[in-house]
Amino acid sequence: MKHDLTKGNVVKVLLCFAGPMILGNMLQQLYNIIDTWVVGKYVGADALAAVGSAYSLMTFLTSVLIGLCMGSGAMMSFYFGKREDRMLRNCMLSSFVLIGLIALGICLAVLALQKPILRILQTPAELFELMERYTTIVFYGIFFVFLYNFFAFVLRAVGNSVVPLFFLGIASVCNVVLDLFFVLNLGWGLEGAAWATVAAQAFSGIGLGIYTWVREPRFRFSFREFVNCEKPMKEIFRFSAITSAQQSVMNFGILLIQGLVNSFGTVVMAAFAAAVKIDTFAYMPAQEFGNAFSIFISQNYGAGEKERLKKGMSRAIGVSVGFCLLISLLVFGMARELMLIFVKPEETEILKTGIEYLHIEGAFYIGIGILFLLYGYFRGINRPGISLVLTIISLGTRVVLAYTLAAVPGIGVHGIWYAIPIGWVLADVTGILLMGKETINIGSKTCA
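Chains are numbered independently. Their residues run from 1 in the order of the written sequence. At least 70 in pLDDT is required for a residue's local features to be given in this predicted model, at least 80 for side-chain atom pairs to be given and counted, and no such filter applies to totals for whole chains, interfaces and linings, which use all residues. Side-chain measures were taken over the full set of non-hydrogen atoms in the model, leaving aside hydrogen atoms and water.

## Remarks on the packing of aromatic side chains
Item 1. Pairing of aromatic rings covers Phe, Tyr and Trp, the last through its six-membered ring, and needs centres within 6.5 Å; plane angles under 30 degrees mean stacked, over 60 mean edge-to-face, and all others mean tilted. In this structure the tally under the stated criterion is 20 aromatic pairs.
Item 2. Centroid distance Tyr283 to Phe372: 6.0 Å. Interplanar angle 45°. Geometry classified as tilted. With Tyr283 in helix 10 (residues 266-303) and Phe372 in helix 14 (residues 365-380), the pair connects residues that are 89 residues apart, well separated along the chain. Across the pair, Phe372 and Tyr283 agree in class, each one buried.
Item 3. Every member of this aromatic cluster is reached through a ring pair, and the members are Phe96, Phe143, Phe146, Phe150 and Phe151.
Item 4. Either the NZ atom of lysine or the CZ atom of arginine qualifies as a charge over a ring when it sits within 6 Å of the ring centre and within 35 degrees of the ring normal. Over the ring of Phe153 we find Arg156; its NZ or CZ atom is 5.3 Å from the centre of that ring. The secondary structure listing takes helices from DSSP runs of H or I that are at least 4 residues long and strands from runs of E that are at least 2 residues long, numbered from the N terminus. Any residue under 20% of the maximum accessible area for its type is buried, any over 50% is exposed, and the rest in between are partly exposed; the area is computed with a 1.4 Å probe on protein chains only.

Here it is in structure tokens:
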């Protein structure tokens, strides 16, 4: 099913388009959640800590590629809104070559620099070998992550958010089956969980690429056309590089926090590994709604629908705030039950630390929900630099406060938890003020 986001009831169109994207991202999160559950329940606390730390590292590395895909997707949706099919195809060809080469470069670089990276993360000596074994395998999945996200954003740019969900759904089922088979039946332990994830990523990436080529003739290109892509490539690089920088800064800040968490030892690492999975899964629908909102804004900006832009922002805030308030109540009230999904009841210290984290984070999801909408709005009106500024404010505050408060006696690891929502709120205030100025500017000129 395809959606023209420039027509129809704003809330209905947004929810119908965002729904498959939200479900798809939930399934994507299941890759690591399944690994965490299987490893935590059947391999042990050390392996759980290793998987959690590797997750933060892998998220940072793939965020570079996802940001580039997101930026190119926003440009494609802009040209789709303007009904310029030639520029749409040129944009896809240029971005595929550019981002594909970057994906290969990242994959080769991290495999070559694996040990120094793990040392920078302050990986405890007792976990170093486990981390190395796990990351050696999951790094092979980086290129497949690029393939899936690239073709997913290509299809979403023209209003198709259902097909990416279909392929991700099958891949998630494969991941579950292979996880259980490799770890429980074959006894491959940590390596089994890693191979299951890579296999699922390969299926979703290659499968979605084949589908797009076969079923979407408008995107079929010949590399002979590449000689005419110098101008669109420069434009894509400029726009996508800023979006990628925003995603990378966001996840680099998380990586710095992971390094600080690692310095508190295996118990805190294991608690953080489980709690972050819950945390990410809880607010992920708000994040993906923000991504869908970005495509909505971009299509309408390209089509010159100024009033629809304003109406879309007000409606989207209402939807996101309502969801975040509900999910905050659920996570805060069910923190222990959620932690027990990943942690054995007798591991009381891990449980206690994870519950404390969720009680603090769970009360403030409205902050990050609004922030995701602001990111989407500024990307959609071709101002990704402002999204980058908001990310720097949010993550800069978080990192500085976390390292400062964690060193204070009596506060310790709690300082890391409190720093996160404080960063969200400061970025929200800044973004709302800047959005008011941009709305005035849009109203005084032609969007496209």
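## Here's the deal with the confidence of the model for the protein chain
Item 1. The score called pLDDT rates the predictor's confidence residue by residue, from a low of 0 to a high of 100. Here the protein chain averages 81 in pLDDT, and 87% of its residues register 70 or above.
Item 2. Least confident of the elements in the protein chain is helix 9 (residues 230-262), whose mean pLDDT is 70; most confident is helix 12 (residues 335-339), at 91.

## Considerations on the packing of helix 5 (residues 125-138) against helix 8 (residues 189-215)
Item 1. To get an axis, a line is fitted to the C-alpha atoms, and for a helix only the part in contact is used. The angle between two axes follows their N-to-C directions and goes from 0 to 180 degrees. Taken N-terminus to C-terminus, the directions of helix 5 and helix 8 make an angle of 20°; their axes are 8 Å apart at the nearest point. With respect to helix 8, the axis of helix 5 lies roughly parallel. The way helix 5 lies across helix 8 gives a crossing that is right-handed. Every residue of helix 8 that contacts helix 5 at Leu130, Arg133, Tyr134, Ile137 and Val138 is listed here: Leu190, Glu191, Ala193, Ala194, Trp195 and Val198.
Item 2. Tallied by class, residues from the contact of helix 5 with helix 8 come to 9 nonpolar, no polar and 2 charged. The scheme is simple: roughly parallel for angles under 35 degrees, roughly antiparallel for over 145, roughly perpendicular for 65 to 115, oblique for anything else. The handedness criterion is simple: a crossing whose near helix is rotated anticlockwise from the far helix by less than a right angle is left-handed, and one whose near helix is rotated clockwise is right-handed. Whether two residues are in contact is decided by their heavy atoms, any of which lying within 4.5 Å being enough. Side-chain classes follow a simple rule in which Ala, Val, Leu, Ile, Met, Phe, Trp, Tyr, Cys and Pro form the nonpolar group, Asp, Glu, Lys and Arg form the charged group, and the remainder, Gly included, forms the polar group.

## With respect to the environment of Gln299
Item 1. Mapping Gln299 onto the fold places it in helix 10.
Item 2. Separated by 221 residues in the primary sequence, Gln299 and Phe78 place their C-alpha atoms 5.0 Å from one another.

## Considering the environment of Ala419
Item 1. Its location among the elements puts Ala419 in helix 16 (residues 414-443).
Item 2. Using a relative accessible area of 0% as the deciding quantity, one classes Ala419 as buried.
Item 3. Residues Ala419 and Glu361, 58 residues apart in the sequence, show an inter-C-alpha distance of 9.8 Å.

## Thoughts on the pattern of salt bridges
Two side chains carrying opposite charge are able to pair once their charged atoms lie near each other.
Item 1. Any Lys or Arg side-chain nitrogen found within 4 Å of a carboxyl oxygen on Asp or Glu counts as a salt bridge. Tallying each qualifying case throughout the model produces 5 salt bridges.
Item 2. The closest approach of N and O atoms between Arg133 and Glu129, which form a salt bridge, is 4.0 Å. In this pair, Arg133 and Glu129 are both assigned in helix 5, 4 residues apart and thus about one turn of the helix distant.
Item 3. Close ionic contact of Glu307 with Lys310 constitutes a salt bridge, the shortest N to O distance being 3.8 Å. Here Glu307 pairs with Lys310, and both are found in helix 11 (residues 306-333), just 3 residues apart, close to one helical turn.
Item 4. The class of Lys310 is partly exposed, set by a relative accessible area of 38%.
Item 5. Several salt bridges share partner residues, and in doing so they unite Glu129, Arg133 and Glu191 into one network.

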